[in-house]
Amino acid sequence: MKEILLLLLIAFSSTSIFGQDKKNITLFEGGILTYGPATHELGVSFRGIHSVKLIADMYAGIGAGYEKYELNEHDNNTFKIIPLFAQAKYVHRADKSTSIFGAIDLGYGIGSVNKDVNSELEKITFKGGLLASPQIGFVFNTKRRQEFLTFSIGYKYQGATENRYYTYTWPNKTPIEVETGDEKLKGFDNYTHTKYHMHRVSIMLGFGF
Amino acid sequence: MNLKKYFLFLGLALCCLSGCDKVDSNTYYKTRLPIFEKMSDVRKMMTTVVAPQPLEYTGKIYIFKDFLFINEPMKGIHIFNNSNPSTPIAVAFLNIPGNVDMAVKDNVLYADSYVDLLTFDLSTPTNPKLLNRIEEVFKNVYQYNYETKSLNDVIVRYVDTVVNREYFHKYNPYVSIKTEMVYYNNSNSSGGSYGQGGSMARFTLANEYLYAVDNASLNLFDVSNTSKPSFTKNIKLGWGIETIFPYKNNLFIGSNAGMYIYNIDNAAQPKELSRYEHVRACDPVVVNDDYAFVTLRTGAICAGVVNVLEVVDIKDLTKPKLVKTFQMQNPHGLGLANDVLYICEGKFGFKSFDAKDVNKVGDVQLEHLAQLNSTDVIPGPKSLIVIGENGVCQYDYSNKAKLKLLSCISVQPIVE
């Protein structure tokens, strides 16, 4: 929750800097991150993006957000990510009531918001990774042309890393004594470094002004 | 709006796409790696009698006349002169690679060596002589060697090491997981004179035959010619065979799913009389004329879920019936001496029970030696012999309700 509040604060403070002329736009989006058309293991995504009109129909911006990736294949894990990214966007015929756009996000997702585990038998730490997300969608302008709604579909890649050290406690098990080669284990019996390459379809609804 | 249609089409196409997770894992873990050896090379190792050695680990026990045999798993047999149980004297160590079990008849010792059965002349117990070797009779001992991809090797020892394993897989909730192992390696270069065994024994002798169980079958050896026994038959029993206990002309074979009863009136043709099934657990068994006493225990190897003593009515050997079940702590081997039942409770000690009334046997505890780590017991003619992780202790059991310690042969810690 504190991550969401932090992002909202960032978003609104940026809004006051950019002002409300149409050279600067602010967009808040929320949606789902899915493996496909059905609703298995849905993740969620919330983000705020500030863009500046560079040339006709082209915008560049920066954004931040909060995302949850469901990783049910691995002990029902949920990976939380704070994405920080730059966005390039092309809006075709922005003067129309309904326009179409294409955009691409590139950046880094911070994974340290995940709760580390640190016990006698287990230690888990998380890191984020690179993100990339091309999208296409529609812009629906209001009559006042001060606000607009968006609907977009995109592909999303997010990297993430988990480092897990753990020791099994089995009854009647003779401890395994290793003289050398266990430097990586840091006193535990097992160490697993796992790199996740998460590929999702994003479906987002947005409100901009 | 051609472009809009194009976008719409792209959007629909995207909706039909399926995302996935690609997961790269790199795991380092401590494990006990087996060291394989070809059986032909194992046979070249000298099977010799050497001076008495310190007892490092305990396996099975066996008594024959005044001699006590203690198996050191996979290494050989310690031989003690036990004419005075108060002062057993180590006389020799018989070095037998891969030895787990043994039995003695008419001064002939039968012992396994991985897949082979060896026969020794015990006329001079301080210096047993190898008489014969029957090769390839316990083939279940062979292990698949993942390095040579062959099934002709045995595991001679284990080494503690750290193994590195990398694997990669894709995950999508709509399709099953496909796992691809990339590599697996070691990053840091396991009508004669018979003797008496315990309830955990896998060898027993009766009617001129040696009956030896392996994990899945009963093997018969004709030992009428003591110097040259011959393998005669293998009877498939099913997986999880653990122990064999002879009583009169019947064999009681314990498996982790139940107890088999075979009649050996015709010693060469054991005839199955019945099967008594129980929940999955390790289950040594001892019997008297009317009842079988079966212990079921939990543990990593047994995969059991109960720790109990079962009393089974075997008056009709073709229809064994459960009489009563008593809760235990972690029962291993057991022994029966007249009306007293002795139960080894592993790290929970050693217990004796009054077995006069089988409906109350588990409730009438006579004694509990809580400090005596115990796994098997032989009520011998001169002493009650109890083996456990810490060694072998002998007790005077003339007073059934009060065991009197005579001696202990302790395990000597290995000093590297």
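Quantities reported herein were computed from a predicted structural model and do not represent experimental measurements. (Residues numbered from 1 in each chain as written. Chains lettered and ligands numbered in written order. Predicted model: local features only at pLDDT ≥ 70, side-chain atom pairs only at ≥ 80, totals over all residues.)

Enquirer: Even after reading the chapter, I still don't get the overall build of chain A, so can you show me in this structure?
Expert: Along its length, chain A carries 1 helix and 10 strands. Reading chain A from its N end, one meets helices and strands in the order α-β-β-β-β-β-β-β-β-β-β. Per-residue burial for chain A yields a buried fraction of 34% across its 209 residues. In chain A, the share of contacts with a sequence separation of at least 24, taken over all contacts with a separation of at least 6, comes to 58%. (Helix = DSSP H or I, 4+ residues; strand = E, 2+ residues; numbered from the N terminus. Buried ≥ 20, exposed ≤ 12 C-beta atoms within 10 Å, placed from the backbone. Contact = placed C-beta atoms within 7 Å.)

Enquirer: Looking at this model, I keep getting lost on unusual backbone geometry. Mind explaining?
Expert: A negative phi holds for most residues other than glycine; trans holds for most peptide bonds. All names here are of chain A. Of note in the backbone geometry, D57 takes a positive phi value of approximately 70° without being a glycine. With respect to the secondary-structure elements, D57 resides in the loop between β2 (43–55) and β3 (58–71). Taking the C-beta count within 10 Å as the criterion, D57 has 15 such neighbours and is therefore assigned partly exposed. Its identity as a non-glycine residue notwithstanding, K186 has a phi of 50°, on the positive side. Relative to the helices and strands, K186 is located in the loop between β9 (148–166) and β10 (190–208).

Enquirer: How do you make sense of the sheet that holds strand β10 (residues 129–134) of chain B when you look at a structure like this?
Expert: Paired through their backbone hydrogen bonds, the strands of a sheet run either parallel or antiparallel. All names here are of chain B. Pairing is antiparallel in the open sheet, where 4 strands are placed in the order β7-β8-β9-β10. Across the chains shown, the open sheet's two edge strands, defined by having one partner strand only, are β7 (102–105) and β10. Across the sheet, the axes of successive neighbouring strands diverge by a mean angle of 25°, strand direction being ignored. Sheet topology places strand β8 (residues 108–113) next to strand β9 (residues 116–121); 6 bridges connect them, and they run antiparallel. Of the residues in β9, the one forming a bridge with V108 is D121. (Pairing = 2+ DSSP bridges. Axes fitted to C-alpha atoms, helices over the stretch in contact; angles between N-to-C directions.)

Enquirer: Just checking my understanding: could you explain the pairing of strand β27 (residues 334–337) of chain B for this structure?
Expert: Each regular strand displays side chains that alternate between the two surfaces of the sheet. Residues and elements named next belong to chain B. Where β27 and strand β28 (residues 340–344) come together, 4 bridges link them in antiparallel fashion. From the neighbouring strand, G335 faces β28, where its bridge partner is Y342. The loop that links β27 with its antiparallel partner β28 comprises 2 residues; one of these, N338, has a positive phi angle of about 55°.

Enquirer: What is the right way to read the sheet that holds strand β2 (residues 49–50) of chain B from this model?
Expert: Ordered in space as β2-β6-β5-β4-β3-β14 (chain B), the 6 strands form an open sheet in which the pairing is antiparallel. Two strands in the sheet have a free side with no partner beyond their single neighbour: β2 and β14 (196–197) of chain B.

Enquirer: Please explain the nonpolar core as it appears in this structure.
Expert: Across soluble globular proteins, nonpolar side chains show a tendency to be buried alongside one another. Of all hydrophobic cores here, the largest spans 89 residues; its most connected members are L210(B), I253(B), A292(B), F293(B), L341(B), I385(B) and V386(B). When neighbours within four sequence positions are excluded, V386(B) is seen to be in contact with C344(B), F350(B), L372(B), S374(B), V377(B), C393(B) and Y395(B). Core analysis: the next-biggest nonpolar cluster, separate from the first, contains 14 residues, Y66(A), F126(A), Y196(A) and M198(A) among them. (Core = buried A, V, L, I, M, F, W, Y, C linked by C-beta atoms within 7 Å.)

Enquirer: Any chance you could explain the environment of I25(A) here in plain terms?
Expert: Residue and element names in this part refer to chain A. As for its placement among the helices and strands, I25 is situated in strand β1 (residues 24–34). I25 gets classed as buried once you count the C-beta atoms within 10 Å, which come to 23. With 36 residues separating them in the primary sequence, I25 and G61 have C-alpha atoms 9.0 Å apart. With residues near it in sequence (within four places) discarded, I25 still touches S51, Y59 and G208.

Enquirer: What's the story with the environment of F245(B) in this structure? I'm lost.
Expert: Summarising the element assignment, F245(B) is placed in strand β19 (residues 241–247). Non-local contacts of F245(B), meaning those with residues more than four positions away in its chain, are made with S199(B), F252(B), V285(B), V286(B) and V287(B).

Enquirer: Is there a simple way to explain the pairing of strand β21 (residues 258–263) of chain B in this structure?
Expert: Residue and element names in this part refer to chain B. β21 sits mainly inside the fold: 5 of its 6 residues count as buried. In this sheet, β21 lies alongside strand β20 (residues 250–255) in antiparallel orientation, the contact comprising 6 bridges. Bridge assignment links G254 to a residue of β21, and that residue is M259. The hairpin formed by β20 and β21 contains 2 residues between the paired strands.

Enquirer: Would you mind showing me how to read the environment of T98(A) here?
Expert: All names here are of chain A. Take T98: it is sitting in strand β5 (residues 98–110). Given 13 C-beta atoms within 10 Å, T98 falls into the partly exposed group. T98 sits 52 residues away from T150 along the chain, and the two C-alpha atoms are 9.6 Å apart. Excluding residues that lie within four positions of it along the chain, T98 makes contacts with F138 and F140.

Enquirer: Looking at this structure, how should I read the confidence of the model for chain B?
Expert: Keep in mind that low pLDDT regions are not for reading the predicted coordinates in detail. On average, residues of chain B score 86 in pLDDT, and 88% of them reach the 70 mark or higher. In the model, residues 177–190 of chain B has pLDDT below 50 throughout and makes 36 contacts with residues more than four positions away in sequence or in other chains. (pLDDT = per-residue confidence, 0-100.)

Enquirer: What am I meant to see in the confidence of the model for chain A here?
Expert: Residues and elements named next belong to chain A. Overall, the prediction assigns chain A a mean pLDDT of 84, with 83% of residues at 70 or greater. The secondary structure element of chain A with the lowest average pLDDT is helix α1 (residues 2–18), at 50, and the one with the highest is β5, at 94. pLDDT under 50 marks residues 13–21. Its contacts with residues more than four places away, or in other chains, come to 7 contacts.

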